Amino acid sequence: MIERRKGRRIALETLYQKEISGDSLKEIIETRRRVKKGERSLEFTVKLIEGVEKHWGEIDKLIKRHADNWSLDRMPIVDRNIIRIGIYEMLYEKDIPVSVSINEAVELAKVYGSQDSSKFVNGVLGQIAKEQPHLNDEEY
């Protein structure tokens, strides 16, 4: 669990770096691999990053639909990327309960976001979870 939490943090840092620097995710991942050789959380990190990248358009459509009165461009970069990671996990990582994905995203938002980020992230991900009847938790 600690390794996955660390993996989510590194995925957030990587996605943030991509948006700030304009570097490709592939370049950023390769640099991290060279620097963090043998780190166990790196495999999970790469899985998250590549998954978000593969489903970027679909994920952003869900964010736009559920982030009331917020365009993606106006949304803080940290919040936007935390939500992207959460959505990817909820939709594509079947071994992670939806409630865990939401909780982990909220915890990231508490540490890296603004004072209101955790509520915003929870609200968006909670709405998406309720809309997706095929997800693997009974309650959200």
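I will try to describe carefully the structure that is included in this document. The structure presented is a predicted model; accordingly, all values stated were derived computationally and were not measured.

Rules of the game
- Residues numbered from 1 in each chain as written.
- Predicted model: local features only at pLDDT ≥ 70, side-chain atom pairs only at ≥ 80, totals over all residues.
- Heavy atoms only, no water.
- Helix = DSSP H or I, 4+ residues; strand = E, 2+ residues; numbered from the N terminus.
- Contact = heavy atoms within 4.5 Å.
- Expected span 1.5 Å × (residues − 1).
- Buried < 20%, exposed > 50% of the residue type's maximum accessible area, 1.4 Å probe, protein only.

1. Section: the environment of isoleucine 82
And step 1. In this fold, isoleucine 82 is placed in helix α5 (residues 77-92).
And step 2. Contact partners of isoleucine 82, with chain neighbours within four places excluded, come to Leu12, Ala105, Leu108, Ala109 and Val121.

2. A word on the side chain of serine 118
And step 1. Take serine 118: it is sitting in helix α7 (residues 117-131).
And step 2. With sequence-adjacent residues up to four places away left out, serine 118 is seen in contact with Val106, Ala109 and Lys110.

3. So, helix α6 (residues 98-112)
And step 1. Across its 15 residues, α6 extends 21 Å between first and last C-alpha, which sits within 8% of the 21 Å expected from 1.5 Å per residue.
And step 2. Along α6, the positions that sit buried rather than exposed are Val98, Ser101, Ile102, Glu104, Ala105, Val106, Leu108 and Ala109.
And step 3. Buried positions along α6 lie against α1 (2-21), α5 and α7.

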